[in-house]
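Single-letter residue listing:
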Amino acid sequence: MIIDVIGDIHGYADKLFGLLKQLGYVHNGQHFVPPSGHRALFIGDLIDRGSQQVATLETVFAMLDADVADAVMGNHEYNALAFATLDPSDHTQYLRSHNEIHIRQHEAFLAEVPFGSESHQYWLQRLYEIPLWIETDYACFVHACWDVDSMAVLKPLLTDDNCLTLQGLIATSKEGTAPFDALERVLKGVEVPLPEGIVMIDKEGTKRTRVRVRWWLDKLNKRTIHEVARAPSSALAQIPIDVLAENIDFALKTDKPVFVGHYWLTGEPEPLSPQVVCTDYSAAVDSGYMTCYQLDTEQPLPLKASNFVQYLHD
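Trainee: Can you help me understand helix α5 (residues 118-127) in this one?
Mentor: Because an α-helix completes one turn every 3.6 residues, residues spaced three or four positions apart along the sequence face the same direction. Looking at α5, one finds that the buried residues are His 120, Trp 123, Leu 124, Arg 126 and Leu 127. Seen from one end, α5 has its buried residues packed into an arc of 160 degrees, which puts them on one side. Tucked into the core, α5 has its buried residues touching α2 (53-65), α3 (75-83) and α4 (100-112).

Trainee: In this structure, what is going on with the pairing of strand β1 (residues 2-6)? I would like to understand it.
Mentor: Sheet faces and side chains relate simply in a regular strand, where the side chains alternate between the two faces. For β1, the tally of buried residues reaches four of five residues, placing the bulk of the element in the interior. For β1 and strand β17 (residues 289-296), the ladder comprises five bridges, and the chain directions are antiparallel. Bridge pairing links Ile 3 to Leu 295 in β17. Relative to strand β4 (residues 38-42), β1 runs parallel, the two being bridged by five bridges. Bridging across to β4, Val 5 finds its partner in Leu 41.

Trainee: What exactly am I supposed to notice about the sheet that holds strand β15 (residues 276-278) here?
Mentor: Pairing between the strands of a sheet is mediated by backbone hydrogen bonds and can be parallel or antiparallel. The four strands are arranged β8-β9-β14-β15 in an open sheet whose pairing can be described as mixed. In this open sheet, the two strands that pair with only one neighbour each are β8 (133-135) and β15. Averaged over all pairs of adjacent strands, the angle between their axes in this sheet comes to 15 degrees, without regard to strand direction. Pairing analysis gives two bridges linking strand β9 (residues 140-142) to strand β14 (residues 258-260), with the strands arranged parallel. Among the inter-strand pairings, Cys 140 is bridged to a residue of β14, identified as Val 258.

What counts and what doesn't
- Residues numbered from 1 in each chain as written.
- Predicted model: local features only at pLDDT ≥ 70, side-chain atom pairs only at ≥ 80, totals over all residues.
- Heavy atoms only, no water.
- Buried < 20%, exposed > 50% of the residue type's maximum accessible area, 1.4 Å probe, protein only.
- Helix = DSSP H or I, 4+ residues; strand = E, 2+ residues; numbered from the N terminus.
- Arc of directions from axis to C-beta.
- Contact = heavy atoms within 4.5 Å.
- Pairing = 2+ DSSP bridges.
- Axes fitted to C-alpha atoms, helices over the stretch in contact; angles between N-to-C directions.

This is how it looks when you write it as structure tokens:
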């Protein structure tokens, strides 16, 4: 079996259609049918940003319903649920606040699926059906980070299939709690404090005392911040080049290959490490490409750059 692991779509259905057709999928009038011996897996962030939100959801869920594809939840699907759910401890507030930044991040989805509409309620219920992660005999699939310790914290809040419950959504929305931190890791990645006394100023002028890291690298705590950080070069320029990363509490505790999205990569696609592949190559910008990694379940390793397929749109 070949698993076609497809990166973040963000409502760019035309790019998705182009990639599926390039991979040999054929639409039968109801859903895209994979070539013999293939199955699709969507790595999350189906929504937000693009102008074809509903078309994307209809395409993906038609394939899920026909059992020719699987999907894992991205942070944007999670955010959509939290944005629409009232905080039970304060019925004047939502689990994800309706501030200017959050509204702007979500406006493409709400433009097609008006807040509180029947369509909105329908798609929110469908989003609950997407698991936070999938593990098989041959590989692990998650939107941002395969962290088994965080998954252990989340597991009691999920269904048997690792799908969110309403109670799980509420619990993981409370900042400063173990469930919140665990959800952040699984859907957004590993973030660590900068050494004491060091701050970064981001492009919006906000002071940052924490930084996301390339958790797939080995010997994280023996590398410099410049080596491990996932941050713009303008931000990293504020940190001395020889400052070591410290206190990164993460270890990849699986021998299987791990597939993620989330990271807005550019350039020629290649594995992030001998064990980790990202299929998000910035399809949500004009210069980005909808990207797939074709995983052979009979021989998942070694990971190979030649297994990537990109839809090279005009």
